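Secondary and tertiary structure notes
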Amino acid sequence: MAVDDEHFREFVEARYMDLLRVAYHLTGSTQDAEDLVQAALVKVMRRWRRVDDPMAYLRRVMINQHISMWRRHRMHEVVTAFFPERPTRDMTETVTERRALYEAMRALTPRTRAVIVLRYVVDLPEAEVAAALGCSVGSVKSRASRGLARLRLALAPETPPPTATPTPVSTDPAPTGTTRMTGVTP
């Protein structure tokens, strides 16, 4: 086994869970995340000797791979009159909130999702996110702002519309247009 192969194996053993976490936030599925990490590692393994910053390079490969998979397997929304039946399970509130977050993340475009994941999950500065995605810092800021706004909107609790309070009917015998003083005896 070559020295580079040994170094690659050590890197994967040390950073696999970090890579899996990033992939999970990109895909929203454990199985898809594992596939994404595996595909990225296979691509990077071929070029391992030329990689300067392996973690940044792997994140970029995963993002590109995810975007290309998303483009190939894009789902189309189907509008129906009824919601599809889904099995209900007894879930805790935390799991429900987390699921809602992942669904809201899936509604974002892949590049916006990549900005949100790199900026707020991986906690990279805007300049590093811009370098990883090959765009300007301003583009990262605007995508992050729009993405967070869409997430807030999707995760906002639904409030029922205010009910109209009925106007009280006056039992005052005074004719319309006259003023009646209360508390005064004639």
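The structure reproduced in this document is the subject of the present report. (Residues numbered from 1 in each chain as written. Predicted model: local features only at pLDDT ≥ 70, side-chain atom pairs only at ≥ 80, totals over all residues. Heavy atoms only, no water.)

**Things to note about the overall build of the chain**
Within the chain, the secondary structure is distributed over seven helices and zero strands. Ordering the α and β elements of the chain from the N terminus gives α-α-α-α-α-α-α. Per-residue burial for the chain yields a buried fraction of 28% across its 186 residues. For the chain, contacts bridging at least 24 residues in sequence account for 60% of all contacts bridging at least 6. Accessible surface for the chain amounts to roughly 14000 Å². Of this, 55% is attributable to carbon and sulfur atoms. (Helix = DSSP H or I, 4+ residues; strand = E, 2+ residues; numbered from the N terminus. Buried < 20%, exposed > 50% of the residue type's maximum accessible area, 1.4 Å probe, protein only. Contact = heavy atoms within 4.5 Å. Areas by Shrake-Rupley, 256 points an atom, 1.4 Å probe, with all protein chains shown as cover.)

**Some points on the side chain of T112**
Along the chain, T112 falls in helix α5 (residues 110-121). Residue contacts for T112: discarding those within four places in its chain leaves R143 and G147.

**Remarks on the side chain of Q65**
Examined against the element boundaries, Q65 turns out to sit in helix α3 (residues 54-72). What Q65 contacts, discounting residues up to four positions off in sequence, is L36, A39 and K43.

**Points about the nonpolar core**
Among the nonpolar cores identified, the biggest contains 39 residues, and L26, M62 and L118 are the most heavily contacted of them. Elements with a contribution of two residues or more to this core: α1 (3-27), α2 (30-46), α3, α4 (93-107), α5, α6 (126-133) and α7 (137-155). Of all the elements, α1 adds the most residues to this core, at eight residues. (Core = buried A, V, L, I, M, F, W, Y, C linked by side-chain atoms within 4.5 Å.)

**Notes on the environment of V115**
Locating V115 in the fold gives a position in helix α5. For V115 and V140, which are 25 residues apart along the polypeptide, the C-alpha to C-alpha distance reads 6.4 Å. Among all residues touching V115, those that are not within four sequence positions of it are Y120, V129, L133, V140, R143 and A144.

**Here's the deal with α2**
Here α2 is 17 residues long and its end C-alpha atoms lie 25 Å apart, about the 24 Å a rise of 1.5 Å per residue gives. For α2, the full list of buried residues reads A33, L36, V37, A40, L41 and V44. Looking down the long axis of α2, one finds its buried residues gathered within 130° of arc, a one-sided arrangement. In this structure, α2 carries Q31, D35 and R46 as exposed residues pointing more than 90 degrees from its buried face. (Expected span 1.5 Å × (residues − 1). Arc of directions from axis to C-beta.)

**Topic: the packing of aromatic side chains**
For the coordinates displayed, the defined rule picks out three aromatic pairs. A ring pair is formed by F11 and W48, whose centres lie 5.3 Å apart and whose planes are at 45°; its orientation type is tilted. Highlighted residues: F11 in helix α1 and W48 in the loop between α2 and α3, separated in sequence by 37 residues. Overall, W48 belongs to the buried group, its relative accessible area being 7%. For the pair Y24 and Y102, a centre-to-centre distance of 5.0 Å together with 80° between the ring planes defines the contact as edge-to-face. Of this pair, Y24 sits in helix α1 while Y102 sits in helix α4, placing them 78 residues apart in sequence. Residue classification places Y24 among the partly exposed positions, given a relative accessible area of 24%. Among the aromatic residues, those joined into a ring-pair cluster are F8, F11 and W48. (Phe/Tyr/Trp six-rings, centres within 6.5 Å; stacked < 30°, edge-to-face > 60°.)

**Thoughts on α4**
Helix length check: α4, at 15 residues, gives a terminal C-alpha distance of 21 Å against a target of 21 Å (1.5 Å per residue), a fit within 8%. Every buried residue belonging to α4 is among Y102, A104 and M105, and all of these are buried. Axial view of α4: buried residues confined to an arc of 160°, hence all on one face. Those residues of α4 that are exposed and aimed more than 90 degrees away from the buried face are E93 and A107.

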